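# Overview (structure and organization)
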Amino acid sequence: MKALKKTLIALAVAAGSTAALADVNIGISLSLTGPGSGLGIPMQNYFKLFPQTIAGEKVNLILLDDATDPGKGAQNARRFVTEDKVDMIIGSCITAVAAAMSDIATEAGTVQLAAAPLGLPPGKDGWVFRLPQSNTVMGHAVVEHMKKQGVKTVGFLGYTDAYGEQWLKEFTPIAEQAGIKVIAVERFARTDTSVTPQALKLVAANPDAMLVVASGSGAAMPEMAIVERNYKGKIYQTHAAATKDLMRVGGKAVEGTYVVSGPAVIAEQLPDSHPSKKVAVDFVQRYEKSIGPGTRNQFAGHAYDAQIVLEKVLPMALKKAKPGTKEFRAAIRDSMETMGRTIFSHGVMNWTKDDHWGYTNETGVMLKVVNGDFKVD
Amino acid sequence: MDFSIASILLLDGLTNGAVYALLGLATVLVFTVTRVIFIPQGEFVAYGALTLAIMQTGKVPGTVWLLLILACVAALMDAFAQWRRHHRLVAGLQAALRTLALPVVVAALAAFAAPRNPPLLLQALLSTAVVTAFGPLVYRVAYQSLADASSLVLLIVSVGVHFAMTGLGLLFFGAEGFRNPAFWDLRLALGPITLSGQTIIIALASVALIVMLWLFFERSLYGKALRATAVNRLGARLMGIPSQTAGQLTFAMAAFIGALSGLLIGPTTTVFYDSGFLIGLKGFVAAVMAGLSSYPGALLGALFVGVVESFGSFWASAFKEVIVFTLILPVLLIRSLYSGHSDEEH
């Protein structure tokens, strides 16, 4: 009797697993609670709109919360690869959590599509692809705009953290190639009570333009300090500052600022010549139809782009292998590296074997603050 | 560096230093009376500034609800303590009501006024009242039952309270920062420096508060009771000064000073839910310079920290915090060489 029971259980498990094998399983780990929840929840909203089948295969999404905790993220990734045997992992939306997951994904030979700008040492990102734009792509758009405006010298005022450091490292060489010199570099922290000393020093150096590297509402204070010191040149902000918080906190002082941004959230305003216009408008309409007007969000856009990736990659991979196998996972990676120029809502993606960031330089859009709102410049 | 830059930096440093001074004074006050190293002092700064910011948007700040929850917890604790002592339900209920009364009145006022967009000054007053009411409750819930524990235990509790308050701040105010409107839109050009109305308010408020504290400790009975507790807890208790009341009064004052500092810096910088910690820590550095015992020492230390920070940001902005917090090392060294008594307690 006992033996029979065991056999039955074994049969049931086998039946269950073959059923699962036929479908494509995607493991998604997002920060739905904790400080990163503001980024994870919009993504979850979009994943609810995800199609049931892609390329004729049923797609199962297994969505777990990582609570903005790298340890929990790693645990989720471990569950995806050992229990669920997923074909691809999506997430997380927070860099530290995504980094903790990447080792497990790489070890299991499963593609991780991270929604965070995850910097990994060369050679370690073989299985990791990123959905957000790299700072280099955005830096390129800034430099192009500066070149057109005749800017020759730049003052840099950035966070003392990784975001500021990355921008400084990636912006300086692109700028120098274009004949633009970074003549003063000052740093500050988001919670500083005053940036006056740094602003004094930068304004004394008198560059043609200032580049402020900060995020969200933290981007307004340094700019106000510069304006307070009667700086008359152009002021640029990075894509992390491309939110309404800049104007909410900065008010009149940030009028005329140039802010570089991805195309997704400003869909309707994009010039018709921008390759992402159609896709971005489609994203915004679909998302806001189900969630509500004015709810568009950069991270929901990443979830939308994940769908574009799957729609393009799954048919290619299905020709080579069956879902649930090691070969299929490798085929997904190869397909992503060879899928070529693809239009995302966030820009133009072109992943290659050596470049898992992949956005082309057509991606960045320059906005200008006019009357307290963003206008494409 | 010329004279004009130096004077702008000096003004900037002294302005920030004045705020650090207030927090340093509060840290010294709390430590001398209750032996608590009050790390969450800075959180009151963020709470004060952000409560006002949310009121500006016409909504009821989340701190009002937190105040009610905290008051209920404290009231339950009081009721239970009374009931255990007297085994009478009425005594327990009375104790609970006493604890609840003031916070409930303050919360009700704030909840009533917030959606009606009262003038800025009234909003500022209400914010201060809400945050001040937190002080005694935090003491009641977190510290009172541990009043006789060692300083180390109290310090660890402080760390816990700090994390709890920062987390709750994120929940109630969100991750984005706010900047409050200026109380006084004045701009005075004095040679190379521009004196803004807010700078003058910060200076005046700091001086006024320091004078008030001095009067309170020198002239009022409550102030003298606090001083007595600071000098000798047991002795003060034998003289009929309840150490619980002393503790709650001290924390109310600390919360009031924190909220006031928050209102002062709110218009000059963007305040985030976690901004308070570093500001409070700089006040703490100033307090340590004064050996956690001298008010004038803390004041001088705070102005010094502010000026060093300002000049440090000018010369090496990437290492600004390193410079400020390394300051504490030589100071501790000198203090340990020259202070006669062995401070096992500290």
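Okay, so let's go over this structure. Throughout this document, residue positions are counted from 1 along each chain, in the order its sequence is written. Going through the entries in the order they are written, you letter the chains from A and number the ligands from 1. For this predicted model, a pLDDT threshold of at least 70 governs which residues receive local features, and a threshold of 80 or more governs which side-chain atom pairs are given and counted, while totals over whole chains, interfaces and linings are taken from all residues. Water and hydrogen atoms play no part in the side-chain values, which are based on all heavy atoms of the structure.

### What about the sheet that holds strand β11 (residues 258-261) of chain A?
All names here are of chain A. Strand pairing is assigned whenever DSSP identifies at least 2 bridges connecting the two strands. Numbered from the N terminus, helices here are DSSP runs of H or I no shorter than four residues, and strands are runs of E no shorter than two. Strands sit in the order β8-β7-β9-β10-β11-β14-β15 across an open sheet of seven strands; the sheet is mixed. Pairing within the sheet leaves two strands with one partner each, and these edge strands are β8 (181-188) and β15 (373-376). Strand-to-strand twist across the sheet, computed as the mean angle between neighbouring axes with direction ignored, equals 30 degrees. Two elements, strand β14 (residues 365-370) and β15, share four bridges in a ladder whose sense is antiparallel. The partner of L367 across the bridge, within β15, is V376. To obtain each axis, a line is fitted to C-alpha atoms, and for helices this fit is confined to the stretch in contact; angles are then taken between N-to-C directions over 0 to 180 degrees.

### Points about the pattern of salt bridges
One speaks of a salt bridge when a side-chain nitrogen belonging to Lys or Arg is within 4 Å of a carboxyl oxygen belonging to Asp or Glu. Overall, the coordinates contain 23 salt bridges over all chains when judged by the stated rule. Close ionic contact of R296(A) with E268(A) constitutes a salt bridge, the shortest N to O distance being 2.9 Å. One end of the pair, R296(A), is in the loop between α10 (277-291) and α11 (298-320); the other, E268(A), is in the loop between β11 and α10, and 28 residues separate them in sequence. Note that R140(B) is salt-bridged to D78(B), the shortest N-O span being 2.6 Å. Of this pair, R140(B) sits in helix α5 (residues 120-143) while D78(B) sits in helix α3 (residues 62-86), and the two are 62 residues apart along the sequence. Note on exposure labels: buried denotes an accessible area under 20% of the residue type's maximum, exposed denotes more than 50%, and partly exposed covers the range between, all computed with a 1.4 Å probe on protein chains only. A relative accessible area of 7% means that R140(B) is categorised as buried. Three or more residues joined by partner-sharing salt bridges are found here, namely D192(A), K282(B), E309(B), K320(B) and E321(B).

### Remarks on the interface of chain A and chain B
Residue contacts are counted whenever heavy atoms from the two residues lie within 4.5 Å of one another. With 24 residues of chain A in contact, the opposing surface of chain B contributes 31 residues. By buried area we mean the combined loss of accessible area, with a 1.4 Å probe, across both parts when two parts are placed together. A combined buried area of about 2300 Å² lies between chain A and chain B, and 52% of that area is made up of carbon and sulfur atoms. The largest contributions to the chain A side of the interface with chain B come from R190(A), T191(A) and T193(A), which together make up 26% of the buried area. Inspection of the chain A/chain B interface yields three salt bridges. Across the salt bridge formed by R190(A) and D274(B), the nearest N and O atoms sit 2.7 Å from each other. Counted as a polar contact is a pair of N or O atoms within 3.5 Å, where, for protein atoms, one must be capable of donating a hydrogen and the other of accepting one, and residues adjacent in sequence contribute only when both atoms are in side chains. Applying the counting rule to chain A against chain B returns 14 residue pairs in polar contact (both at pLDDT 80 or more). Those elements that place two or more of their residues in the side of chain A that touches chain B are β8, α7 (196-205), α8 (220-228) and α9 (245-250) of chain A. Counting residues per element, the side of chain A that touches chain B draws most heavily on α7(A), which supplies five residues. Polarity classes work like this: nonpolar for Ala, Val, Leu, Ile, Met, Phe, Trp, Tyr, Cys and Pro, charged for Asp, Glu, Lys and Arg, and polar for all others, with Gly in that last group. Looking at the side of chain A that touches chain B, its residues break down into six nonpolar, nine polar and nine charged.

### As for unusual backbone geometry
Residue and element names in this part refer to chain A. Between G91 and the following residue, S92, the backbone shows a cis peptide bond with an omega angle of -10 degrees. Even without being a glycine, N371 presents a positive backbone phi close to 50 degrees. For N371, the position within the fold is in the loop between β14 and β15.

### Describing the packing of α5(B) against helix α6 (residues 151-173) of chain B
All names here are of chain B. Contact pair α5 / α6: the axes reach a minimum separation of 11 Å and the direction vectors enclose 120 degrees. Taken together, the axes of α5 and α6 are oblique relative to one another. Handedness of the crossing formed by α5 with α6: right-handed. Residues V138, A142 and Y143 of α5 form the contact with α6, whose own contacting residues are L154, V157, S158 and V161. Any angle that is under 35 degrees is reported as roughly parallel, and any over 145 degrees as roughly antiparallel; angles of 65 to 115 degrees are reported as roughly perpendicular and all others as oblique. Here is the rule for handedness: rotate from the far helix to the near one, and if that takes an anticlockwise turn smaller than a right angle the crossing is left-handed, while a clockwise turn gives right-handed.

### What about the packing of aromatic side chains?
Here a pair means two rings of Phe, Tyr or Trp (six-membered ring of Trp) with centres within 6.5 Å. Their orientation is stacked below 30 degrees between planes, edge-to-face above 60, and tilted elsewhere. A complete count under the given rule lists 22 aromatic pairs over all chains for this structure. Taken together, a centroid distance of 5.3 Å and an interplanar angle of 45 degrees make the contact between Y143(B) and F251(B) tilted. With Y143(B) in helix α5 and F251(B) in helix α10 (residues 243-265), the pair connects residues that are 108 residues apart, well separated along the chain. Of the two residues, Y143(B) and F251(B), neither departs from the other in class, the shared state being buried. One aromatic cluster in this structure is built from Y46(A), F47(A), F50(A), F283(A), Y287(A) and Y304(A). Two conditions define a charge located above a ring, namely a distance within 6 Å from the ring centre to NZ of Lys or CZ of Arg, and an angle within 35 degrees of the ring normal. Its end group placed over the ring of F314(B), K201(A) keeps NZ or CZ at 5.5 Å from the ring centre.

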